[in-house]
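Now for the letters of each chain:
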Amino acid sequence: MDPGAFGRVNQMGNRLIQKLFLAMFVICMMGFYCLKTSTLVATHSVSLAPCASKVRKNSQRTLKADATCSPKVNLMFMKTHKTASSTLMNVLLRFGEKHQLRFALPNGRNDFFYPSSFFRTQVKSYQPGLCYNIVCNHMRFNAPEVEKLLPEDAFFFTILRDPAELFESSFHYYKAYVPQTWRIPGGNQFEEFLSDPNHYYNPQGINAFYLKNLQFFDFGFENNLEAGDVRVQESIEYMEKRFQLVLISDHFEESLILLKDALCWQMDDLLFFKLNVRNATSVSPMSPELRTRAREWNGADWRLYQHFNTTFWALVEAYGRSRMEEEVKELRRRNAEMEAICIDGGGAVEAAHITDRHMKPWQPIGKASILGYNLKSDIERQYEELCRKMLTPEIQYLTDLGVNLWVTRLWGWFKDSVVQFGLS
């Protein structure tokens, strides 16, 4: 054999061994997560005192109540995946900090040991009977456990997204964490998967929930139900009773206006910049046919979305279309003002172009695709803190709040230092 060809074969063999080693290491890490979460789940049998139904007095005194309503401060935001929920979470973190509210925060990770079901013992420094004002980190929803953390008047709300758009986003963001996607051939794995989902999908596979009805799974329901199953309708009815408001990320600004109205907040409380947004080049375009296939494959999510999209627009009608248009226009104007004040260059940039490491967003395995921002260097003093908080990614914000994200950071080091090196 030609020495050059032999060298190339040998190099390919080494690369294959390296990738197999990395795959085994990833699976072991996932196994560690599962073992850790199983231990946490087992603590749910501990006898814990119910939460007292009182609001901390000093939290409401700092709020400016309007003549007709008082701002709500006890909030449960069910943070769903790939639904603009990180942007909304930033709004809640800023509001809670501003009014000295108590957050129920995770411990070790930036989520409550998702995908295990939520238990209140997963909350950082949890003590029986201790009450919180705000819960807003990723979890697999478990209403009875969440309710034990909050006062009785807590406002429960969440956000949904068109399942076709969500599936395209989650497929690309999480596919490196789902081993069964690794064998999908072709340059467009997303389209290939939807050409025959049952051929590639194994409901028992590691992290398989990312590939079917992810929103249904987030809410604690069985994600492998077919759309016509009676349990799907029962789950929708359960959500309707538990959540006072369901927002729609496809109409994010209108959602915020409805939220403002429901919580009796001010426009200043809603200002936002889009966080955790992908580079447009990493988004797979969808034909009408592909979009239909994505919705059919995620049939339970599609029924869920259709139901609450209808209730959403009923709320908009009740609010008043013209009034809503004026409020959205005002929100956009205020956000544009903040962009001019805070953001260097006026918009989001790729992670490699972000100069302040503290402002770099978390990246999925593979090509860096999540955009972030550079702060202006000459921000007026009165806006410095607000600008920084509005632009701070979730991981860094939680660290600033005192969460020790050792598990997240360990995985981040492995992902960036070992996996990325192996894939390069």
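Residues numbered from 1 in each chain as written. Predicted model: local features only at pLDDT ≥ 70, side-chain atom pairs only at ≥ 80, totals over all residues. Heavy atoms only, no water.

Peer 1: For this particular structure, what's the right way to read the packing of helix 9 (residues 230-242) against helix 12 (residues 299-319)?
Peer 2: To describe two helices that pack against each other, one gives the angle between their axes and the distance between the axes. At a closest axis distance of 10 Å, the pairing of helix 9 and helix 12 adopts a crossing angle of 40°. As helix 9 packs across helix 12, the resulting crossing turns out to be right-handed. Each of Val232, Gln233, Ile236, Met239 and Glu240 in helix 9 lies in contact with helix 12, whose residues at this interface are Ala300, Arg303, Leu304, His307, Phe308 and Thr311. Across the contact of helix 9 with helix 12, the residue classes break down as six nonpolar, three polar and two charged. (Axes fitted to C-alpha atoms, helices over the stretch in contact; angles between N-to-C directions. Helix = DSSP H or I, 4+ residues; strand = E, 2+ residues; numbered from the N terminus. Left-handed = near helix turned anticlockwise from the far one by under 90°. Contact = heavy atoms within 4.5 Å. Nonpolar A, V, L, I, M, F, W, Y, C, P; charged D, E, K, R; others polar.)

Peer 1: Quick question: what am I supposed to make of the state of the cysteines here?
Peer 2: By definition, a disulfide links the sulfur atoms of two cysteines through a covalent bond. By the definition in use, this model includes two disulfides. Here cysteine 69 is linked by a disulfide to cysteine 264, with a sulfur-sulfur distance of 1.9 Å. For the disulfide bridge between cysteine 69 and cysteine 264, the dihedral angle about the S-S bond is near 80°, and by the sign convention the bridge is right-handed. Taken as a pair, cysteine 69 in the loop between helix 2 (57-61) and strand 1 (75-78) and cysteine 264 in the loop between helix 10 (252-263) and helix 11 (288-297) lie far apart in primary sequence, 195 residues in all. Disulfide pairing places cysteine 342 opposite cysteine 387 at an S-S distance of 1.9 Å. Residues cysteine 342 and cysteine 387 are joined by a disulfide whose S-S torsion is about -70°; by sign, that bridge is left-handed. One end of the pair, cysteine 342, is in helix 13 (residues 321-342); the other, cysteine 387, is in helix 14 (residues 381-391), and 45 residues separate them in sequence. (Disulfide = S-S within 2.5 Å.)

Peer 1: How do you make sense of unusual backbone geometry when you look at a structure like this?
Peer 2: Only a minority of non-glycine residues have a phi that is not negative, and only a minority of peptide bonds are not trans. For the bond from tyrosine 114 to proline 115, the omega torsion is 15°, close enough to zero to count as cis. Structurally, proline 115 can be placed in the loop between helix 3 (85-98) and strand 2 (134-135). Of note in the backbone geometry, lysine 82 takes a positive phi value of approximately 60° without being a glycine. By secondary structure assignment, the location of lysine 82 is in the loop between strand 1 and helix 3. One non-glycine residue, cysteine 264, lies in the positive phi region at around 60°. Residue classification places cysteine 264 among the buried positions, given a relative accessible area of 7%. (Buried < 20%, exposed > 50% of the residue type's maximum accessible area, 1.4 Å probe, protein only.)

Peer 1: Just to check I follow, could you spell out the side chain of serine 116 for this structure?
Peer 2: Turning to its location among the elements, serine 116 is positioned in the loop between helix 3 and strand 2. At 2.6 Å, the side chain of serine 116 and the backbone oxygen of phenylalanine 113 are in polar contact. (Polar contact = N/O pair within 3.5 Å; in protein donor to acceptor, adjacent residues only side chain to side chain.)

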